[in-house]
Structure formats: structure tokens, C-alpha cells
Amino acid sequence: MSKRNTQQRRHNIIADLNAQGEVSVDSLAKQFDTSEVTIRKDLAALENSGLLLRRYGGAVALPSEITEVKTEQLSQQKLLIAKKAAMLIRDHNRIIIDSGQTTSALVSELAHKKGLVVMTNALSIANEIHALENEPTLLMTGGTWDANSEAFQGQVAEQVLRSYDFDQLFIGADGIDINRGTTTFNELIGLSRVMAEVAREVIVMVESAKISKKIPNLELNWQQIHTVITDDGLSEEMRTALTEQGVKLIIAKG
């Protein structure tokens, strides 16, 4: 199975896991005709999303009661973060909303803003913006479709972005490295950096559970980031460490 079908493969892994209760790296590699390294990356990404627990040689399903509680908590965290982020947006602002679950929660908070111009690289976010009754001006990056991030990427998208300037970028992260900046599993990080270049203010929306997670790819360094919005699960130690990097820290409380 090719790289562009990564998301479908991961959906199938979860389906198998829900049906069987556990899966092995060896059997999944054979089933999908791919390498064990690729399967381990899939399991790591799915565990990071809270969809399974990795075990030696494979993974096991989360108990249903834990999954339900965690999903409810994450949804609430995303909503609170989105509400705080929306408070930073003024009428007639020109903003970028990057692809991602946390950033997509921002769209419904834009319904009462006037005269917005919104650029995105995600079809799902574009459809939500298009459905808003206040009808923001919608811009799409275009580019090459990346199934892993479920968004457009590549040089065409970067060229389109460089044709504009924006007041704010709202972007998520797979993790935050206290010493370096935001991190991601995705190796396609060029577009995120261009987004940061063309925006006067870069606002990272991220759940506290992702802060200090060890993820290899640096996306944005601290010099590119102005504000971090997270939930109140962040420890005092981490709050101090973040503010020492020179960013504005906003805590979204329940």
C-alpha cells in the first residue's frame, strides 16, 4: 500500500483492532504488504491520537469506557482552546487556519466576526468556512494533496501563500519541544514554515498532553511563534518553561 493511502491503512488498523482486541506488527505488515517500520510508525501515530495502546510487538485496544471519557475530554479541550483563539481575532482580520483537528474547532467560533479573509489548506475546513452565514472571504492554497495530513502541501501551495500577507496564523502541533519549538510526525513541514513567514502573528493551538512529547521533526522554532494557547492541564513547571521561551501563554480554563 503506497504512502498516499496511509490514512486508509490506519483506519483499517483501528477496525482490525476493534474487532480483534489486539494486533501484531508482523501480521499487519503482511496484511498491508508494507514494512514493519511503517507499521510501527502507524501505531505510534495512532497511540499519539489516543486510539490504541502499543505493546511489545503490536498494540491493544483501549477499553471502551476510557476511550469515551478521553474523547469527551479532548473535544472539550479543543473547544475551550478554540474559544480563546477566537478572542484574538478582530473583525476584518486576514487569517490562516492550518489543517488539524484543534484548528478546525476554531471555525465555528468565527460565525459572528465581520469581514474576515480566511486562507486554509484543508478541504474540510474550507467547507466549514463556506457554510458560515457571515460568509468570510475564503481562500485555498491549492497544491498537492497529502493523504497523511489530509491537506494540500507542496511548492504550488507555498507560492500561493507568498502572494498574500496575513494578520494571524492559527496552527496546531503533534508535540512541543520546550527547547526547540513545535514538532510533528509529518515530514512535509515546508508549508507550515511559509505560513509563519507570511503572518504577522503565529498562534499555536495545542492540548497540554502534547507538550514535551518526543517527536522528531521540528516544524516551527520559538523565534517564529508569538502565542501558545493550551488547556489548564499544563503544570506550573511547563508554564514557566514556555514563557521563558519568549512566547505569550494563554490558558483555556474549563
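Data block above holds the structure.
Describing a nonpolar patch on the surface
Here's step 1: On the surface, L123, L138, M140 and W145 cluster together to form a nonpolar patch covering roughly 330 Å² of accessible area.
Here's step 2: Relative to the helices and strands, M140 is located in strand β6 (residues 137-140).

What about helix α1 (residues 6-20)?
Here's step 1: Given a rise of 1.5 Å per residue, 15 residues ought to cover 21 Å, and the 21 Å separating the end C-alpha atoms of α1 matches this to within 8%.
Here's step 2: Within the sequence span of α1, burial applies to T6, Q7, R9, R10, I13, I14, D16 and L17.
Here's step 3: Just beyond α1, the residue with positive phi is G21, at close to 90°.

Details of the pattern of salt bridges
Here's step 1: Counted according to the given criterion, the structure contains twelve salt bridges.
Here's step 2: Two residues, D42 and R9, come together in a salt bridge whose shortest N-O distance is 2.6 Å. Linking D42 in helix α3 (residues 36-48) with R9 in helix α1, this pair joins segments that are 33 residues apart in sequence.
Here's step 3: Between R40 and E36 there is a salt bridge; the shortest N-O distance is 3.3 Å. Highlighted residues: R40 and E36, both in helix α3, separated by four residues, approximately one helical turn.
Here's step 4: Judged by relative accessible area, which is 33%, E36 ranks as partly exposed.

Looking at the environment of E158
Here's step 1: Of note, E158 is situated in helix α7 (residues 155-161).
Here's step 2: Residue E158 is classed as buried on the basis of its relative accessible area, which comes to 17%.
Here's step 3: Between the C-alpha atoms of E158 and K210, which are 52 residues apart in sequence, the distance is 27 Å.
Here's step 4: Among residues more than four places away in sequence, those in contact with E158 are G190, L191 and V194.

Focus: the packing of aromatic side chains
Here's step 1: Counted by the stated rule, this structure contains two aromatic pairs.
Here's step 2: For the ring pair W145 and F152, a centre distance of 5.2 Å and an interplane angle of 75° mean the geometry is edge-to-face.
Here's step 3: Since its relative accessible area comes to 42%, W145 is described here as partly exposed.
Here's step 4: The interplanar angle of 40° and the centroid separation of 6.0 Å between the aromatic rings of Y164 and F166 together place this pair among those described as tilted.
Here's step 5: A relative accessible area of 0% places F166 in the buried class.
Here's step 6: Positioned above the aromatic ring of F166, the side-chain terminus of R94 is 5.8 Å from the ring centre.

Comments concerning the sheet that holds strand β11 (residues 181-184)
Here's step 1: Spatially, the three strands line up as an open sheet ordered β10-β11-β13, and their pairing is antiparallel. Each edge of the open sheet carries a strand with a single partner, namely β10 (175-177) and β13 (217-221). Between one strand axis and the next, the sheet turns by 40° as a mean value, whatever way the strands run.

Notes on the pairing of β11
Here's step 1: Judged from the three bridges that link them, β10 and β11 form a sheet pairing that is antiparallel. Paired with I176 across the two strands is T182, which belongs to β11.
Here's step 2: Between β10 and β11, which follow one another and run antiparallel, lie three residues.
Here's step 3: Summarising the sheet, β11 and β13 pair through four bridges and their orientation is antiparallel. In the strand pairing of β13, T183 is matched with L218.

Considerations on unusual backbone geometry
Glycine aside, the phi torsion of most residues is negative, and most peptide linkages are trans.
Here's step 1: A positive phi angle, near 70°, is found at H92, a position not held by glycine.
Here's step 2: Mapped onto the secondary structure, H92 falls in the loop between α4 (64-86) and β4 (94-97).
Here's step 3: The exposure class assigned to H92 is exposed, which follows from its relative accessible area of 56%.
Here's step 4: We note that E135 has phi near 50°; this positive angle belongs to a residue other than glycine.
Here's step 5: Of note, E135 is situated in the loop between α6 (123-130) and β6.
Here's step 6: Exposure remark for E135: the relative accessible area of 64% places this residue in the exposed category.

Quick notes on the rules
- Residues numbered from 1 in each chain as written.
- Predicted model: local features only at pLDDT ≥ 70, side-chain atom pairs only at ≥ 80, totals over all residues.
- Heavy atoms only, no water.
- Patch = residues over 30% accessible without salt bridge, like charges linked within 9 Å, V, L, I, M, F, W, Y side chains within 5 Å.
- Areas by Shrake-Rupley, 256 points an atom, 1.4 Å probe, with all protein chains shown as cover.
- Salt bridge = Lys/Arg side-chain N within 4 Å of Asp/Glu carboxyl O.
- Helix = DSSP H or I, 4+ residues; strand = E, 2+ residues; numbered from the N terminus.
- Expected span 1.5 Å × (residues − 1).
- Buried < 20%, exposed > 50% of the residue type's maximum accessible area, 1.4 Å probe, protein only.
- Contact = heavy atoms within 4.5 Å.
- Phe/Tyr/Trp six-rings, centres within 6.5 Å; stacked < 30°, edge-to-face > 60°.
- Lys NZ or Arg CZ within 6 Å of the ring centre and 35° of its normal.
- Pairing = 2+ DSSP bridges.
- Axes fitted to C-alpha atoms, helices over the stretch in contact; angles between N-to-C directions.

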